Amino acid sequence: NTGRVGAKDTRSVGVHWTFGPLADINLQKQWPRNFENFGEDPYLIGEMVHATIKGTQGNYKKDRTRIASCFKHFIGYSVPYNGRDQEPRYIPFNHLLEYHVPQFQRAIDAGSATGMEAYSALNGQDTIASNLILKVLLREQMKFKGMLVSDFNEINSAHSKHMAAFNQSDAVHRSFSQTSLDMSMSGDPFSFVETMIDLVNAGSISVSRIDESVGRILQLKKDLGIFESPYSDLSLIDTVGSTQDVELSRNTARESIILLKNDNDVLPLSKDENILFVGASFNSTRYITGAWNVKMQGPSDYDADVVYAGYSDTILKGVESITGKTANWIEGYTITGDMIKGYNNIVREARKADKVVFCFGEKPGTETDADIYTLKMAEDQYNIARRVAEDTSTPMILLLTQNRPYSLGELSKLADGIVNANLPGAYGGLPVAEALFGVFSPNGRQPYTYPKLDYQSPVTYFTPIWNEYDPEFAFGQGMGYNDITYSNITVSSDELRQGKPITVSVTAYNNGKMPQLEPVLMFTTQKIRAEYSPEKYRLRSFDKKSIAPGASHTFTFNLTAEEMMFYNVNNNRVLSGGPVDITINAFNKNSVTKSIYLYEA
């Protein structure tokens, strides 16, 4: 539904194509575009990408409220070796096939009309000139038939930045003679056109190759109805920001808020309590919405929240609408964490409060403008939260609204409660407040590993089974305000063989007093795998259902031997027999496990 509404609103202003969804995988937590993706698991990303494309495109060839999707960035873009955007990636090809390709395949299977190649180089070769990646893999093996566009200025970057081409003519020639690229995205399109004409006239690029790309571009325009009506549909404009669409946006935020710690039931907050809120993100729409909203890097300091013209809310407004009274708020530090007016009053006011909520955000940003050198926050933030913990007896809660997972350090132990609201969006303020005050029970789960320290930035939950996995918060971690318990897992067979899937069932019980929208994640762990160390866990399926207080729900999943196959160093997908553990809700206190055996034949 979010894809459907986004498409409708985009179409209302005469735009027919969106550069999304991103099918990149969050394998490097310092990377500035983590917030644009769906997480660090191929299966999770694939399901989300597939649903997004189906919602965005629908029957776009007939339905003029839909637009064309564009999966990106093909491929391996999200693993820069040093965490900085557009830097080179070095990925063994079997790992590329195992962890990066599946979600892009799901995008193609969903019928994505277009795709975008990735910035920079993969394994030393500029992606923009890679026959292996943009022709053999994408077109021949994955069967993508749609239109392929470059990322911004990548053809020019081949010679002006990467030194991978002698000049523009050489860069254009390599990109179009060696790959299946159809369109160049550039700030200077005229030089590209002139260069391409020269190459065709010289016989370096054949007319048939031009026809191939032009054909895909014209077909896309025809499918979108641009030749019939290239303008906006004025009737759609009146639906933008409708009550039901705003509520859909808020529901999306509600299902994304993650409760990570709740010692002594410090949450939910009570309307009768004196709560001190601290931090710039508490009273800002742009700080909880992030980049690619209004502008590429988000609204400027000059724009502030005025640019939303009232079509938004803040956490402060949400709190005040729930409590019916003025929020007790000290800004204290900037969005970058540096102390400002009010900082020195925080400890004194915290002593008077029943509880204090520290809001830690991040300045909106993306791509190279948002590169960082460490996951550490500003020292002023650590210092003031530490002082409150040490100099007062007031319970402390951390509310995180950040682009990526910043190190909490000792604050993770000092805090009584921790909520990761991610970037809940322009209408996310009320849902965050609702979660804090118990209007609903949180139900989000960590879509990526939350590291403790910088060295854990590339660590994922599917690290080898013998390897360290000691993050601040694990993939899939999260809880609600209810006590949810699980039955033992039952399976239709203890033996898993090719062509003979088994069913896996588990019953969840809501022992609490509130309705619980409960996500159930099914993982597998192959305990032994010949020659290849198995992953610690792999997500195989998930579901989410509402369970009333005192009620239960039985979740049933299918598991196949084929899902347990993996790519070896020869890039062949193989199966290795051995004992397998099925775990429901790994990394959470209520997890349950069942052992089966996987057979090769």
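Here is what the cut-offs are and how they apply
Residues numbered from 1 in each chain as written. Predicted model: local features only at pLDDT ≥ 70, side-chain atom pairs only at ≥ 80, totals over all residues. Heavy atoms only, no water. UniProt positions renumbered as here; feature names shortened; annotations may be inferred. Helix = DSSP H or I, 4+ residues; strand = E, 2+ residues; numbered from the N terminus. Rg over C-alpha atoms; globule rule 2.2 N^0.38 Å. Buried < 20%, exposed > 50% of the residue type's maximum accessible area, 1.4 Å probe, protein only. Contact = heavy atoms within 4.5 Å. Areas by Shrake-Rupley, 256 points an atom, 1.4 Å probe, with all protein chains shown as cover. Lys, Arg positive; Asp, Glu negative; His and termini not counted. Charge placed at Lys NZ, Arg CZ, Asp CG, Glu CD. Domains from an automatic or database assignment. Buried area = accessible area lost by both parts, 1.4 Å probe. Salt bridge = Lys/Arg side-chain N within 4 Å of Asp/Glu carboxyl O. Polar contact = N/O pair within 3.5 Å; in protein donor to acceptor, adjacent residues only side chain to side chain. Nonpolar A, V, L, I, M, F, W, Y, C, P; charged D, E, K, R; others polar. Bend = angle between axes of the 7 residues up to and from the residue. Pairing = 2+ DSSP bridges. Axes fitted to C-alpha atoms, helices over the stretch in contact; angles between N-to-C directions. Phe/Tyr/Trp six-rings, centres within 6.5 Å; stacked < 30°, edge-to-face > 60°. Lys NZ or Arg CZ within 6 Å of the ring centre and 35° of its normal. Patch = residues over 30% accessible without salt bridge, like charges linked within 9 Å, V, L, I, M, F, W, Y side chains within 5 Å.

Looking at an unreviewed UniProt entry, one finds the chain named beta-glucosidase, with Smittium culicis as its source organism. What UniProt records for the chain under Catalytic activity (unreviewed entry) is the sentence "Hydrolysis of terminal, non-reducing beta-D-glucosyl residues with release of beta-D-glucose." The heading Sequence similarities (unreviewed entry) in the UniProt record of the chain holds the text "Belongs to the glycosyl hydrolase 3 family."

Enquirer: I'd like a rundown of the overall build of the chain, residues and numbers included.
Expert: Counting its regular elements, the chain contains 15 helices and 22 strands. Against the globule reference of 25 Å for 601 residues, the chain gives a C-alpha radius of gyration of 25 Å, in line with a compact fold. In terms of principal-axis extent, the alpha carbons of the chain reach across some 80 × 65 × 45 Å. Split into buried and exposed, the 601 residues of the chain put 57% on the buried side. Put simply, 75% of the contacts in the chain that link residues at least 6 apart link residues at least 24 apart. Total accessible area on the chain is roughly 24800 Å²; 51% of this is exposed by carbon and sulfur atoms. Taken together, the 58 basic and 69 acidic charged side chains of the chain have centroids lying 3 Å from each other.

Enquirer: Help me get a handle on the domain arrangement of the chain, residues and values and all.
Expert: How big an interface is tends to be stated in terms of the accessible area lost upon association of its parts. Looking at the chain, the domain boundaries give domain 1 (1-234), domain 2 (241-444) and domain 3 (484-598). Measuring from the centre of the C-alpha atoms in domain 2 to the corresponding centre in domain 3 gives 34 Å. Each partner contributes to the interface: domain 2 provides seven residues, whereas domain 3 provides six residues. Between domain 2 and domain 3, roughly 480 Å² of surface is buried when both sides are summed, and carbon and sulfur atoms account for 48% of that area. For domain 2, the biggest contributors to the area lost against domain 3 are Glu-255, Ser-441 and Asn-443; these three give 81% of the whole. Counting across the domain 2 and domain 3 interface gives one salt bridge. Taken together, the links from domain 2 to domain 3 amount to four residue pairs in polar contact (both at pLDDT 80 or more). Each residue belonging to the side of domain 2 that touches domain 3 can be placed in one class, and the counts come to three nonpolar, three polar and one charged.

Enquirer: Let's hear about helix α3 (residues 93-109): which residues, and what values?
Expert: Along α3, the sharpest change in direction is near 50 degrees and occurs at Val-101; proline Pro-102 comes one to four residues later. Among all positions of α3, only Asn-94, Leu-96, Leu-97, Glu-98, Tyr-99, His-100, Val-101, Gln-103, Phe-104, Ala-107 and Ile-108 are buried. Contacts made by the buried residues of α3 are with α2 (42-57), β1 (70-74), β3 (121-122), α4 (131-141), β17 (538-547) and β19 (566-567). Taken from the residues just after α3, Gly-111 is the one with a positive phi, measuring 90 degrees.

Enquirer: Give a description of the sheet that holds β1 that names residues and reports values.
Expert: Within a sheet, adjacent strands bond to each other through the backbone by hydrogen bonds, running parallel or antiparallel. What the three strands build is an open sheet, ordered β1-β2-β5; its pairing is parallel. Single-partner strands in this sheet number two, and they are β1 and β5 (147-149). The sheet shows a mean angle of 25 degrees between the axes of neighbouring strands, direction not considered. Note that β1 and strand β2 (residues 114-117) share three bridges and pair parallel. Across the sheet, Phe-71 pairs through a bridge with Gly-115, a residue of β2. Packing against the sheet, α4 makes contact with β1, β2 and β5, and its axis sits at approximately 135 degrees to β1.

Enquirer: Tell me about the side chain of Ser-457, and please be specific about residues and values.
Expert: Structurally, Ser-457 is set in the loop between α15 (429-436) and β12 (484-486). There is a polar contact of 2.8 Å between the side chain of Ser-457 and the backbone oxygen of Asp-454.

Enquirer: So what's going on with unusual backbone geometry? Residues and values would help.
Expert: Look at the link from Phe-74 to Ile-75: it is a cis peptide, with omega at 5 degrees. Along the polypeptide, Ile-75 turns up in the loop between β1 and α3. Residue Pro-268 is bonded to the preceding Leu-267 through a cis peptide linkage, with omega at 5 degrees. With respect to the element layout, Pro-268 can be found in the loop between β6 (258-262) and β7 (275-278). In the Ramachandran plot, Asn-264 falls in the positive-phi region, its phi being about 55 degrees despite a non-glycine side chain. The topology assignment puts Asn-264 in the loop between β6 and β7. In this structure, Ala-309 takes a positive phi of about 50 degrees despite not being glycine. Structurally, the position occupied by Ala-309 is in the loop between β7 and α11 (315-323). You can call Ala-309 exposed: its relative accessible area is 59%.

Enquirer: Account for the packing of aromatic side chains, naming residues and giving values.
Expert: The full count for this structure, using the stated rule, is 25 aromatic pairs. Every member of this aromatic cluster is reached through a ring pair, and the members are Tyr-99, Tyr-461, Phe-462, Tyr-469, Phe-475, Phe-523, Tyr-537 and Phe-587. Lying over the aromatic face of Phe-566, Arg-529 brings its terminal NZ or CZ to 3.9 Å of the ring centre. Its end group placed over the ring of Phe-462, Arg-538 keeps NZ or CZ at 6.0 Å from the ring centre.

Enquirer: Give a description of a nonpolar patch on the surface that names residues and reports values.
Expert: A cluster of nonpolar side chains, contributed by Val-214, Leu-218 and Phe-227, occupies part of the molecular surface with about 280 Å² of accessible area. Secondary-structure assignment places Phe-227 in the loop between α8 (207-223) and α9 (234-237). The class for Phe-227 is exposed, based on a relative accessible area of 55%.

Enquirer: So what's going on with the UniProt feature "domain: Fibronectin type III-like" (unreviewed entry) in the chain? Which residues, and what values?
Expert: The UniProt entry lists residues 518-588 under the feature "domain: Fibronectin type III-like" (unreviewed entry), expressed in the numbering used here. With 0% helix and 54% strand, the stretch residues 518-588 has end C-alpha atoms that lie 13 Å from each other.

Enquirer: Outline α15, listing residues and values.
Expert: Here α15 lies mainly inside the structure; eight of its eight residues are buried. Here α15 has its buried residues at Gly-429, Leu-430, Pro-431, Val-432, Ala-433, Glu-434, Ala-435 and Leu-436. Contact partners of the buried residues in α15: α10 (243-254), β7, α11, β10 (396-401) and β11 (417-420). Gly-438, located one to two residues past α15, shows a positive phi value of around 75 degrees.

Enquirer: I'd like a rundown of the pairing of strand β21 (residues 578-584), residues and numbers included.
Expert: Counting buried positions along β21 gives six out of seven residues, so the element sits mostly inside the fold. As paired strands, strand β16 (residues 516-526) and β21 are joined by five bridges and run antiparallel to one another. Following the sheet pairing, Gln-526 is matched in β21 by Val-580. Both β21 and strand β22 (residues 592-598) contribute to a ladder of seven bridges, which runs antiparallel. When the bridges of β22 are listed, Ile-584 appears paired with Val-592.

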